Amino acid sequence: MASLKTVRVVILAAAAAVVAAAPMASHASVSIAISVGTPPPALPVYAQPAIPAPGYIWTPGYWAWGPAGYYWVPGVWVMPPAVGMLWTPGYWGWSGGAYLFHAGYWGPHIGFYGGVNYGFGYGGVGYEGGYWNHGVFAYNRSVNNITNVHVTNVYNKTVVVNNVNRVSYNGGNGGIQARPTASEQAAFNEHHYQPTANQMSHEQAMRNDRGQLASVNHGQPRTMAMSQVGQRQVNQQQRIANGVSSGQLTPRETQHLENREANINQQVRQDRQANGGHLTQPERQQVNREQNRASQQIHEDRHNGARGPR
């Protein structure tokens, strides 16, 4: 009889194959058995960053699973794959002695996401952050940070959420006891889209960042939210600035970190110039690896006990 660890690896491998083989448009939603008796941590509290431009839709942060355990995938503004599409977040659910991850998807209606209160319009049932109006997305200003751009399709609707806890999973011990409604089940059976390439690369980048691991951050991820995919450079510059302000970084450490970020930026510019303004997939992976190393160095320098002038 195979051990629990072996069974877990086999299930993950099979699910990964399904994701890799699935077309962009699909009726399927992948459920991955990743743990036995170990639920994901509570949802962290964070502020929503400003929308980068009209047309983006907010996708909330969530706990994902990797070889090193649970890691946080920051909430981020993304462009939908098509006009009229809304995002149904993924969620964890307890079933058959294991926690299963039900992947999120794009569709014309919001489906079931476990009753999890992700905030910013995703209160556990449906979505109160906005709706499509004649091909243009209208934003509810009460739950979206859209003050930085000129958005013409806006409205105000107060959102009252009865479920105010931060539990991140459905069912099991301590989980949310919610079940899909008939309309949510119908939404799941509609023609819908898998996560976009940007969303998938976003998750992969966070999987490789140790600061996102629950075992490292104890439920308080290094990066909780982003304005858009690939904005790690801005976040890391802010962390450097915070380290200088708090005195955690010495002038020498600051200069070293700034030079490292400048070298990454120079590499990205050169790669884009060589590829018509775009990065190839191997180049994106290389940049992610370098940003991960830079992120780890920022963390180490800010916590090594050395003090710089305030």
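Since this is a predicted model, take the numbers as computed values, not measurements.

Q: Go over the nonpolar core, please, and point to the residues and values.
A: One finds Trp63, Trp77, Trp92, Trp106, Tyr118, Tyr122 and Tyr139 to be the most contacted residues of the largest nonpolar core, which totals 47 residues. In terms of residue count, the dominant contributor to this core is strand 5 (residues 69-73) (four residues).

Q: Please give an account of the packing of aromatic side chains that cites residues and values.
A: Under the criterion given, the structure shown has 21 aromatic pairs. Geometrically, the ring pair formed by Trp77 and Tyr139 is edge-to-face, given 6.5 Å between the ring centres and 65° between the ring planes. Here Trp77 is found in strand 6 (residues 75-78), whereas its partner Tyr139 is found in strand 12 (residues 136-140), with 62 residues between them in sequence. Exposure class is identical for Trp77 and Tyr139. Each is buried. The interplanar angle of 70° and the centroid separation of 6.0 Å between the aromatic rings of Tyr105 and Phe188 together place this pair among those described as edge-to-face. Of this pair, Tyr105 sits in strand 10 (residues 105-107) while Phe188 is found in helix 2 (residues 182-188), placing the two residues 83 residues apart along the sequence. In this structure an aromatic cluster arises from ring pairing among Tyr46, Trp58, Trp63, Trp72, Trp77, Phe120, Trp132, Phe137 and Tyr139.

Q: Please set out unusual backbone geometry residue by residue, giving values where relevant.
A: A positive phi angle, near 55°, is found at Phe120, a position not held by glycine. Its place among the elements puts Phe120 in the loop between strand 10 and strand 11 (130-133). In this structure, His218 takes a positive phi of about 55° despite not being glycine. Among the structural elements, His218 can be located in the loop between helix 4 (214-217) and strand 16 (225-228).

Q: I'd like a rundown of the sheet that holds strand 3 (residues 57-59), residues and numbers included.
A: Picture the strands of a sheet paired through backbone hydrogen bonds; they go either parallel or antiparallel. An order of 3-6-16 is seen for the three strands of this open sheet, with the pairing classed as mixed. Each end of this open sheet is capped by a strand with a single partner; those strands are strand 3 and strand 16. On average, each strand axis in the sheet is tilted by 20° relative to the strand beside it, whichever way the strands run. In the sheet, strand 6 pairs with strand 16 via three bridges, with the strands oriented parallel. Opposite Val76, over in strand 16, you have Met226 as the bridge partner.

Q: Which residues make up the sheet that holds strand 12, and what are the values?
A: Strand order in the open sheet formed by three strands is 11-12-13, and the pairing between neighbours is mixed. Only two strands of the sheet have a single neighbouring strand rather than two, namely strand 11 and strand 13 (154-155). Pairing of strand 11 with strand 12, which is carried by four bridges, proceeds in the antiparallel orientation. If you follow Asn133 over to strand 12, its bridge partner there is Val136.

Q: Give a description of the side chain of Asn217 that names residues and reports values.
A: Topologically, Asn217 is positioned in helix 4. Polar contacts involving the side chain of Asn217 include one to the main-chain carbonyl oxygen of Gly211, which spans 3.0 Å. In this structure the side chain of Asn217 is engaged in a polar contact, spanning 3.1 Å, whose partner is the backbone oxygen of Gln212. Residues within four places of Asn217 in sequence aside, it is in contact with Trp63, Gly211, Gln212 and Arg222.

Q: How would you sum up the pairing of strand 6? Please name residues and give values.
A: Burial along strand 6 is two-sided: the residues Gly75 and Trp77 and Val76 and Val78 are all buried. Both strand 3 and strand 6 contribute to a ladder of three bridges, which runs antiparallel. In the strand pairing of strand 6, Thr59 is matched with Val76.

Q: Describe the pattern of salt bridges, naming the residues involved and giving the relevant values.
A: Overall, the coordinates contain two salt bridges when judged by the stated rule. The partner of Glu128 in a salt bridge is Lys157, and the shortest N-O contact between them spans 3.1 Å. In this pair, Glu128 is assigned in the loop between strand 10 and strand 11 and Lys157 in the loop between strand 13 and strand 14 (169-170), connecting sequence segments 29 residues apart. Across the salt bridge formed by Asp209 and Arg222, the nearest N and O atoms sit 3.4 Å from each other. A residue pair is termed long-range when its members are at least 10 positions apart, and Asp209 in the loop between helix 3 (197-207) and helix 4 and Arg222 in the loop between helix 4 and strand 16 qualify at 13 residues. A relative accessible area of 3% means that Asp209 is categorised as buried.

Calculation rules
- Residues numbered from 1 in each chain as written.
- Predicted model: local features only at pLDDT ≥ 70, side-chain atom pairs only at ≥ 80, totals over all residues.
- Heavy atoms only, no water.
- Core = buried A, V, L, I, M, F, W, Y, C linked by side-chain atoms within 4.5 Å.
- Buried < 20%, exposed > 50% of the residue type's maximum accessible area, 1.4 Å probe, protein only.
- Helix = DSSP H or I, 4+ residues; strand = E, 2+ residues; numbered from the N terminus.
- Phe/Tyr/Trp six-rings, centres within 6.5 Å; stacked < 30°, edge-to-face > 60°.
- Pairing = 2+ DSSP bridges.
- Axes fitted to C-alpha atoms, helices over the stretch in contact; angles between N-to-C directions.
- Polar contact = N/O pair within 3.5 Å; in protein donor to acceptor, adjacent residues only side chain to side chain.
- Contact = heavy atoms within 4.5 Å.
- Salt bridge = Lys/Arg side-chain N within 4 Å of Asp/Glu carboxyl O.

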